[in-house]
Structure formats: C-alpha cells, structure tokens
Amino acid sequence: MLRQQDVGHRIVVRRIVGIREGRPLFSDALGELVELSETHLTIATAQGRVRVPVAEVHRAKRVPPTRRPTASAVVELELAADEAWPAPVRGRLGDWLLRSADGWTGRANSALPVGDPDRPLPAAVDAIERWYAGHGQPAMVNTPLPLAVPVGAELDARGWTARPLTLVQTVPLTTLLTPEPRPGPASPGPGPAPHDADRAGDGPPVALDVVPSEEWLAVAAGRKGGLPDSARHILTAVARVRFAQVYADGRLLATGRGTVTGQGRWLGLSLIEVTPSARRQGLAARVVRALAAWGAAEGATHAFLQVEQRNTGAVALYRKLGFTTHHTYLTRVAPPT
C-alpha cells in the first residue's frame, strides 16, 4: 500500500468500481500522487485529478517516472519563461541570451545558455563574464538541467557557485480547471473536500487587472526587496498579462501575476502571494485558478511556474493543484574578482 513518502511520485492505482456476476470490476488510474489521507488519495492524471476512496483501492504502487523532456521541449519552455519575465537590457551570444535588470531577480540578470553560442564553450563563458563586467554586475548563468550539464561542468572548473535548485513545473490547464469533487452524503471522509474554499462563491472574488495597483506593487516590492524601474518593466512589458488581487473588508489578501507567452501556449504564473493572516484559506489556489481560466480563454493550454525546491510549502500547494516538475535549473554565480 502507499505511504506518505510516495506523495509527489508517479503511481498506478487499480480500484474496484463495481461488481458483475459476483466478480469485482476494476479501473486503473496512472499519474502523480498529490494527496494521501486515511480515507482518500488524489492522483493528478493526464485527464485531470482523480479522487479515490481508500476503500475502493485494490492495489496501488509507485512506478518509474516518465521520460525526461526532450532538449527542444526544455528550450521551448525556457524561452517562453524568458518572454514572460523580460529583462530590459539584453544581448546575445549566438542563440544564448544575456539579460540585465539592475540586479532585480536572478532570472532577469543571468545568461540563458540554450542553443548554440556560436563559439567554443570556454570562449562563450569568457564573453559572459566580460558582458556582465561591462554592466557593473556579477556574472550569472541559469543552467537548465540536464540540458546545460556541459555548461555547468565548465563553470565548476572556474569555481562558480550555485544558488538553490529551482523547479520548473507544469500542468495542463484542464487539470487546474477541473473542480475537485465534493464528498457525497455517504462519503466516509469527515468535513469538506480539499480546497473547498477555492470554488466560486465560497470566498472573496479574484479581480484580474491589466495594470498592477500600487498595493499590488507594494506586495511585490516586499517580496523581492524593492521595485526599481527595471522591475516595473519586467512586470508590465508583456503583451498579454494580468495581475490578480483578492480583497476582503478593504484589505488586499492575495496577489498573483499571469502571462501568456510561447506562441500563446504557455500561461506563466509568478508572484503568487498571500498575506500571513489570510494563509491556509485556499486563496493562493483561487488566484491560480482564476489566472488559469483567463489563460485558457486566451488560448493557452498549459501553465508553468518556477519555485525553489526548498520552498516546501509552495511546492506542496502546487503539487495538490496538479503541477509536476518538467525540468530544473541552477543559477550559477561567478566568483568575485
């Protein structure tokens, strides 16, 4: 049987769905285990979340993860993410991107080594170091893994350090927009289903604005340590963007940002934030779902976000919503000169 250690892993579940001529009828579900309780387990499948009563489980086990994404899939998603978080100062080394934004966030102030730098790898790293020195900044490189393993090896040899691992996570919008079933009258589960407060009508509405309010910007500044002009450019210089806000009794309780990039396929989620006094009420999930509905209306089919692996609370929330890790990256930092 499954244990809590299996949460976050790919599993297959055979459940009993009925009886015919005295024999049980079975149905199988394959996906990521996102929640496990004494009464139910929830699986994120390709068709959406499935909530299975433990009493119906005939057999369940962990299975090997799916294949790693192709190099082209990683490049596509990394470029969509760059488009969603556009640094105001940019350069190129062949296909590689160089980005600067007055030091506001690692993503906007690091090179992105995807594609061909049009020169040998050591020369490419030399050029990165010169470019950032010319902008008065420490050189940084975002290395998507496993795509950029050769780049990482070159940086290791030069003594570059690494910031904490970041997970690039994705989910089909159909999964985000599939409501979780409420327990029926005969359900053995006491109390409401997970995220019951996230459904329409169960809490304050989520407003989606084209331009961020000053209160929204203040929340972003508090989270990211200030808000220079470069930050305002990053936040607003995307053609299709929405800023989510949840108010109650005149107080801003939750915020979020959504963009549609990558030729319209990808909804990018960022700056999902809930004030400390309003946490654990489902507001973050409400914000995510509201942005997902907007993204789907814009034609997007999948959502992505970037979250540090050590941020266990956020990782757990996104897991419950159906997100899985597409790939990871490390932000590498050059040693001081």
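Residues numbered from 1 in each chain as written. Predicted model: local features only at pLDDT ≥ 70, side-chain atom pairs only at ≥ 80, totals over all residues. Heavy atoms only, no water.

Caption draft 1: Spotlight on the overall build of the protein chain. A count of helices and strands for the protein chain gives eight helices and 16 strands. In terms of overall dimensions, the protein chain is globule-like: its C-alpha atoms have a radius of gyration of 22 Å, near the 20 Å expected for 337 residues. Overall size of the protein chain, expressed as C-alpha extent along the three principal axes, is 75 × 50 × 35 Å. Sorting the 337 residues of the protein chain into buried and exposed places 47% on the buried side. Across the protein chain, every contact between residues at least 6 apart in sequence was considered, and the portion connecting residues at least 24 apart equals 66%. When the accessible surface of the protein chain is split by element, carbon and sulfur atoms take 53% of a total near 16,200 Å². Distance from the positive charge centre (39 side chains) to the negative charge centre (31 side chains) of the protein chain: 5 Å. (Helix = DSSP H or I, 4+ residues; strand = E, 2+ residues; numbered from the N terminus. Rg over C-alpha atoms; globule rule 2.2 N^0.38 Å. Buried < 20%, exposed > 50% of the residue type's maximum accessible area, 1.4 Å probe, protein only. Contact = heavy atoms within 4.5 Å. Areas by Shrake-Rupley, 256 points an atom, 1.4 Å probe, with all protein chains shown as cover. Lys, Arg positive; Asp, Glu negative; His and termini not counted. Charge placed at Lys NZ, Arg CZ, Asp CG, Glu CD.)

Caption draft 2: Quick look at helix H1 (residues 71–84). Here H1 is 14 residues long and its end C-alpha atoms lie 20 Å apart, about the 20 Å a rise of 1.5 Å per residue gives. Those residues of H1 that sit buried are Val 74, Leu 77, Glu 78, Ala 80, Ala 81, Asp 82 and Ala 84. (Expected span 1.5 Å × (residues − 1).)

Caption draft 3: Region of interest: the confidence of the model for the protein chain. On average, residues of the protein chain carry a pLDDT of 88, and 92% of them reach 70 or more. In the model, residues 182–201 has pLDDT below 50 throughout and makes 39 contacts with residues more than four positions away in sequence or in other chains. (pLDDT = per-residue confidence, 0-100.)

Caption draft 4: The arrangement of the packing of aromatic side chains in detail. Tallied over the entire structure, the rule returns five aromatic pairs. Taken together, a centroid distance of 5.7 Å and an interplanar angle of 65° make the contact between Tyr 318 and Phe 323 edge-to-face. Residue Tyr 318 is classed as buried on the basis of its relative accessible area of 9%. Over the aromatic face of Trp 85 sits the side chain of Arg 107, whose NZ or CZ is 4.2 Å from the ring centroid. (Phe/Tyr/Trp six-rings, centres within 6.5 Å; stacked < 30°, edge-to-face > 60°. Lys NZ or Arg CZ within 6 Å of the ring centre and 35° of its normal.)

Caption draft 5: Region of interest: helix H5 (residues 214–224). Within H5, burial applies to Trp 216, Leu 217, Ala 220 and Ala 221. For H5, the buried positions fall inside an angular range of 140° around the axis, keeping them on one side. Each element contacted by the buried residues of H5 is listed here: helix H6 (229–236), strand E12 (241–248), strand E13 (251–261) and strand E14 (266–274). (Arc of directions from axis to C-beta.)

Caption draft 6: Local environment of the nonpolar core. With 31 residues, the main nonpolar core has Leu 176, Leu 267, Leu 269, Ala 303, Tyr 318 and Phe 323 as its most contacted residues. Residue assignment for this core shows that the elements contributing at least two residues are strand E10 (166–172), helix H4 (173–176), E12, E13, E14, helix H7 (283–297), strand E15 (302–308) and helix H8 (312–320). Here this core gets eight residues from one element, more than from any other, and that element is H7. If we ignore the near neighbours within four places in the chain, the residues touching Phe 323 are Glu 32, Gln 169, Thr 170, Val 171, Leu 176, Leu 269, Ala 303, Phe 304, Leu 305 and Tyr 318. (Core = buried A, V, L, I, M, F, W, Y, C linked by side-chain atoms within 4.5 Å.)

Caption draft 7: View of unusual backbone geometry. Looking along the chain, the bond that leaves Leu 145 and enters Pro 146 is cis, with omega of 5°. Relative to the helices and strands, Pro 146 resides in the loop between strand E8 (140–145) and helix H3 (149–157). If you check the backbone angles, Glu 21 has positive phi at about 50° while not being a glycine. On the basis of relative accessible area, Glu 21 is assigned to the exposed category, the value being 78%. Even without being glycine, Leu 271 reaches a positive phi, approximately 55°. Here Leu 271 lies in strand E14. What makes Leu 271 buried here is its relative accessible area of 7%.

Caption draft 8: Geometry of the pattern of salt bridges. Inspection of the entire model under this criterion finds 13 salt bridges. With its nearest N and O atoms 2.7 Å apart, the salt bridge here joins Arg 332 to Asp 156. Separated by 176 residues along the polypeptide, Arg 332 in strand E16 (residues 324–333) and Asp 156 in helix H3 bring together distant segments of the chain. Of the residues examined, Arg 332 reaches a relative accessible area of 5% and is grouped as buried. Salt-bridge contacts for Arg 240 lead to Glu 298; the nearest nitrogen and oxygen are separated by 3.3 Å. You can see Arg 240 sitting in the loop between H6 and E12 and its partner Glu 298 sitting in the loop between H7 and E15, a full 58 residues away along the chain. The class for Glu 298 is partly exposed, based on a relative accessible area of 30%. (Salt bridge = Lys/Arg side-chain N within 4 Å of Asp/Glu carboxyl O.)

Caption draft 9: Structural view of a nonpolar patch on the surface. On the surface, Ile 16, Ile 19 and Phe 26 cluster together into a nonpolar patch covering about 270 Å² of accessible area. Along the chain, Ile 16 turns up in strand E1 (residues 10–20). Exposure remark for Ile 16: the relative accessible area of 31% places this residue in the partly exposed category. (Patch = residues over 30% accessible without salt bridge, like charges linked within 9 Å, V, L, I, M, F, W, Y side chains within 5 Å.)

Caption draft 10: View of the packing of helix H2 (residues 121–134) against H3. Running from N to C, H2 and H3 cross one another at 70°; their axes reach a closest spacing of 10 Å. On the basis of their axis angle, the class for H2 and H3 is roughly perpendicular. As for the relative orientation of H2 and H3, their crossing is right-handed in sense. Counting all contacts with H2, which are made through Leu 121, Pro 122 and Val 125, the residues of H3 involved are Pro 150, Val 151, Glu 154 and Leu 155. Its residues assigned to classes, the contact of H2 with H3 comprises six nonpolar, no polar and one charged. (Axes fitted to C-alpha atoms, helices over the stretch in contact; angles between N-to-C directions. Parallel < 35°, antiparallel > 145°, perpendicular 65-115°, else oblique. Left-handed = near helix turned anticlockwise from the far one by under 90°. Nonpolar A, V, L, I, M, F, W, Y, C, P; charged D, E, K, R; others polar.)

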